Amino acid sequence: MQNQINKEYLNPVGKSVPRIDGKGIVTGQTKYAFDLKFANMLVGKMIRSPHPHARIISMDTSKAESLPGVRAVITAKDTDQIKFGSNEYFFPHTIDQMALESEKVRYIGDEIGAVAAVDEETALEALKLIDVQYEILPHVVDVQEAMKPGAPQIHESLNNIAVIMPVNFGNPERALKEADYVREDLFYTPAAHQSAMEPHVCVAQWEKFTNKVTLWASTQAPFKCREALAKTLKMDLNNIRVIKMAVGGGFGGKLEMLPMDFSACLLSKKAGGLPVKICYNREEEFLASRRKHGMIYKLKSGVKKDGTLVAITGEVIADGGAYCSYGPTVIAAAIMRIFMVYKIQHFRVTGYRVYTNTPVSGAMRGFGGVQAGFAIEAHMDMLAEGIGMDPVEFRLKNITTPNMTTINKMIISSNGLKECIEKSTEAAGWSKKRGKQRHLRRGIGIGIAADVMGSKMYKSHESAGSIVKVEEDGSVYLFTGAADTGQGSDTALSQIACQELGVSYSRIKCKAGDTEITPFDTGSFASRVTFISGNATIQAARDAKMQILGVVAKEFSLNMDNLDIKAEEVINTKDSTAIMDFDKAVELCYSFHYGNQIIGRGSYNPNTTPIDFRTGEGNVSGSYGFEAQIAEVEVNTETGEVTVLKMWDAHDIGKAINPKSVEGQIEGSLAMGLGYTFMENLQFDKKGRPANGNFANYRLPRAIGMPPIETILIETNDPQGPFGAKGMGEASLLPTSAAIANAIYDAVGIRLKELPFTPEKIIEALKEQQEKKVEV
């Protein structure tokens, strides 16, 4: 392979090498699940409830089954009626959804069956012929109304509260009494939707002769999807193959098996093994996939005159929709992320995850941290103002530090939060601008955040596996279970493998996310892939390297401990002399005398402890990432419009495996943060149906409206990360709304506590401000 080696790609870690999948994407050759075409493939459609809350009395599918072109109809009677969910290991009582509901529906869009036909028109006609008789039940859409005694009972939970999560440390009541300044604030954050450009889509085919099923899907977690399919279909794991296709965006929304995945498999079985494709339209995406939890966040905190944060108390109410999904994890993250950021000894916050007759809330980028980030960071600014302290100085006094253990037993090793704050404020000219631009209606604000690198909150382990195979011609294959959903993880893992193996990045190909071929990996979520899958990949590459070096050492009677592979050369580390090039070494391994196949294996499970949800203690992540964000804004007091002039983002990423990819992740997070701050608000009508569930009415940011962004990469070289790297897919999203809210206050003196910040809300706040001045 010598003629194909690009020496520019030697030592690829730390270089912005091209994406390994880039050419396929830009030329249109990359295959997404919707692109799959098989002979005699059928079109599947879901049978959905038209009611927000009802009991199923009867269901007659005979007319649909007799319609020409219909090949299969399934209902709950065709299933084993097994419930599934996403937090079964720690919260078994939250496993509350069936693949197809059999007795009761709990929101408009709830799945009760599916059809498969020769084309879409026939499938849609079949849906009209299915006769379902319901007993209509009272429903509730508002989360606070749902918690009241006597509200319609959606599941068996008292007052519709699916999860109560109290987190208590120290004696916050006493500490508040001893504080010099105490304030209480209430924040409202809306529901939102992931709005990936590619909708949910899958293709399933049942093999009659093996009784196995293959699902090609747009998924963030193929192994988790397989696990849920095995449970609901009552099959062994090795009889289910899930193949992750290229993913056109996920953002948490494609982290679970949905009823459509289950239905495609069962429809294919009932249709005699014909393949079945199910693809959501945009309205179904908003109605029946997953969404961000709307939250009400109440905080009461106390500080000393010197700025010491002494106590925090509060309450979080999360609108969970009809089923639990990832609700327990989201509410836990919304409460406990603060311990990564601030040193706090006295704390009491209780979270409530509440059922309503609305679409299901689940995972969305940030896992509750976006809602919490807005509330906490806006609240921190108000505390600082209350004692006359600069908000940057206040944060620097209270933030976590390297090599510390938090009150809830999180073990923080590397921590660049101080550097993030200092570098971002310096770049933004904080000291020259803060409080000095109000005559221009301009202001500057800060928000800070931290995030995990994986999360042992789903099952007993958080491991990932990798295989590195070196072919006879010196080409390299990486097999990883990690799911690249657009963030570039295939590229980063390939860079890590080549760096450890000592070869050029131009040698490698990557195969990812196939449960029958690649090693296990829990999926792409919680910013875990670079850190956890990256460590597994280092081990696999090191194993392959040791196999090669073992053969070289034996051939030349050398001590293998003194050998390494660097920049395509096998070298003696004692004197840095080259022994042979990589191709010759591989040729030797596969020679007649040795015949050694080079297949390296790696597995990594971070040294973490699950959270004890009775106490709130646990080191949930192997490492933690940190960041600070500055926003500068200008407010038009006549129209209420806010212009974000520029944003600065300083991020502790440990080590940038691919700097351009890191910058892209930060910019993407900021785009989502800006959307949630100013535009996004998934609203529901009186029956719980999305009132703006399409791209015509659900507003999203576009590239043309993005402000200038300056990214600052802080490299702390984490001792446990692959080449010092950390994950960083979500943290940049967490403080955006608060940084902008704080900047608006600096510009015009109004405090906004409800997202999104619409011109109408700003005009109203300015009007109230003026009225108070008149009263004084």
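What counts, and at which threshold
- Residues numbered from 1 in each chain as written.
- Predicted model: local features only at pLDDT ≥ 70, side-chain atom pairs only at ≥ 80, totals over all residues.
- Heavy atoms only, no water.
- Phe/Tyr/Trp six-rings, centres within 6.5 Å; stacked < 30°, edge-to-face > 60°.
- Helix = DSSP H or I, 4+ residues; strand = E, 2+ residues; numbered from the N terminus.
- Buried < 20%, exposed > 50% of the residue type's maximum accessible area, 1.4 Å probe, protein only.
- Contact = heavy atoms within 4.5 Å.
- Pairing = 2+ DSSP bridges.
- Axes fitted to C-alpha atoms, helices over the stretch in contact; angles between N-to-C directions.
- Domains from an automatic or database assignment.
- Salt bridge = Lys/Arg side-chain N within 4 Å of Asp/Glu carboxyl O.
- Polar contact = N/O pair within 3.5 Å; in protein donor to acceptor, adjacent residues only side chain to side chain.
- Nonpolar A, V, L, I, M, F, W, Y, C, P; charged D, E, K, R; others polar.
- Core = buried A, V, L, I, M, F, W, Y, C linked by side-chain atoms within 4.5 Å.
- Expected span 1.5 Å × (residues − 1).

What to know about the packing of aromatic side chains
Evaluation of the coordinates by the stated rule reveals 17 aromatic pairs. Considering the side-chain rings of Phe187 and Phe374, the 5.5 Å spacing of their centres and the 80° angle between planes classify their relative orientation as edge-to-face. Residue Phe187 is located in strand β10 (residues 181–189), and its partner Phe374 is located in helix α11 (residues 369–386); the two are separated by 187 residues in the primary sequence. Judged by relative accessible area, which is 0%, Phe187 ranks as buried. We classify Phe374 as buried; its relative accessible area is 0%. Ring geometry for Phe531 and Tyr604: centres 6.2 Å apart, planes at 75°, overall edge-to-face.

Let's talk about the environment of Val167
When you line up the elements, Val167 lands in strand β9 (residues 161–169). Val167 gets classed as buried once you look at its relative accessible area, which sits at 1%. Separated by 123 residues in the primary sequence, Val167 and Gly44 have C-alpha atoms spaced 45 Å apart. The residues touching Val167, leaving out its near neighbours within four places in the chain, are Ile335, Met336, Phe339, Phe347, Arg348 and Val349.

So, the sheet that holds strand β23 (residues 508–512)
A sheet is described by the order of its strands in space; here four strands give the open sequence β23-β22-β21-β27, paired in mixed fashion. Looking at the sheet topology across the chains shown, the edges are occupied by β23 and β27 (598–604). Recorded for the sheet is a direction-independent mean angle of 15° between the axes of neighbouring strands. With five bridges connecting them, strand β22 (residues 476–480) and β23 associate as parallel partners.

Some remarks on the domain arrangement of the protein chain
Here the protein chain is partitioned into domain 1 (7–28 + 463–604), domain 2 (33–137 + 199–247 + 256–288) and domain 3 (294–457 + 616–775). The interface is formed by 21 residues belonging to domain 2 together with 24 residues belonging to domain 3. Linking domain 2 to domain 3 there are zero salt bridges. One can count 10 residue pairs in polar contact (both at pLDDT 80 or more) joining domain 2 with domain 3. Examining the composition of the side of domain 2 that touches domain 3, we find that four residues originate from one element, helix α8 (residues 282–288), more than from any other. Across the side of domain 2 that touches domain 3, the residue classes break down as seven nonpolar, five polar and nine charged.

Observations concerning the pairing of strand β28 (residues 624–635)
In terms of burial, β28 is largely enclosed, as 11 of its 12 residues are buried. The sheet contact formed by strand β20 (residues 442–452) and β28 spans 11 bridges and is antiparallel. By the bridge assignment, Val452 is partnered in β28 with Tyr624. Direction of pairing for β28 relative to strand β29 (residues 642–652): antiparallel, over a ladder of 10 bridges. Of the residues in β29, the one forming a bridge with Glu627 is His651.

Regarding the nonpolar core
When a protein is soluble and globular, its nonpolar side chains tend to lie buried together. Ile744 and Phe757 are the most contacted members of the largest nonpolar core, which has 126 residues in total. For this core, the leading source of residues is α11, giving 10 residues. Mapped onto the domain boundaries, this core takes at least three residues apiece from domain 2 (33–137 + 199–247 + 256–288) and domain 3 (294–457 + 616–775). Apart from the residues lying within four places of it in its own chain, the contact partners of Phe757 are Phe374, Thr677, Phe678, Ser737, Ile740, Ala741, Ile744, Leu752 and Ile762. Of all hydrophobic cores here, the second largest spans 43 residues; its members include Leu100, Leu258, Leu287 and Tyr323.

So, helix α7 (residues 259–270)
Its 12 residues give α7 an end-to-end C-alpha distance of 16 Å, which sits within 8% of 16 Å, the value for a rise of 1.5 Å per residue. Most of α7 sits out of view: 10 of its 12 residues are buried. Buried within α7 are the following residues: Pro259, Met260, Asp261, Phe262, Ser263, Ala264, Cys265, Leu266, Leu267 and Ser268. Positive backbone phi, approximately 80°, marks Gly272, located one or two places after α7.

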